[in-house]
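Descriptive structure summary
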Amino acid sequence: MNDPAAIADFLSGQTFAVVGASNDRGKYGNKVLRSFLQAGRKAYPVNPRGGMMEGLTAYPDLASLPETVHG
């Protein structure tokens, strides 16, 4: 995806889901989640194992999220 307008549209959202989020800070799912949080964005970790990630409840799938995310 090299379309600047599409990237800007995606990043203009207020709430995001990080599918593949992980507790392992070396994995990309965790890095992406932390990047959203550090930027002050609302993000939900999604991982079929659930649990807690970066202090947030991880949801098993997108259908389980408590609200609609930007997509």
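Residues numbered from 1 in each chain as written. Predicted model: local features only at pLDDT ≥ 70, side-chain atom pairs only at ≥ 80, totals over all residues. Heavy atoms only, no water.

1. Topic: the pairing of strand S1 (residues 15–19)
Across 5 bridges, the pairing between S1 and strand S2 (residues 42–46) is parallel. Bridge assignment links Val18 to a residue of S2, and that residue is Pro45. Considered for its hand, the β-α-β crossover made up of S1, helix H2 (residues 28–38) and S2 is right-handed. (Pairing = 2+ DSSP bridges. Helix = DSSP H or I, 4+ residues; strand = E, 2+ residues; numbered from the N terminus. Right-handed = clockwise from strand over helix to strand, strands pointing away.)

2. With respect to the packing of aromatic side chains
Applying the stated criterion across every chain, the model contains 2 aromatic pairs. Judged by centre distance (4.4 Å) and plane angle (15°), the ring pair of Phe16 and Phe36 falls under stacked. Taken together, the residues span a long stretch of sequence, with Phe16 in strand S1 and Phe36 in helix H2 at a distance of 20 residues. According to the relative accessible area criterion, Phe36 is buried, its value standing at 13%. Taken together, a centroid distance of 5.7 Å and an interplanar angle of 80° make the contact between Tyr44 and Tyr59 edge-to-face. In this pair, Tyr44 sits in strand S2 while Tyr59 sits in the segment after strand S4 (56–57), placing the two residues 15 residues apart along the sequence. (Phe/Tyr/Trp six-rings, centres within 6.5 Å; stacked < 30°, edge-to-face > 60°. Buried < 20%, exposed > 50% of the residue type's maximum accessible area, 1.4 Å probe, protein only.)

Worth remembering: the numbers are spatial, not functional.
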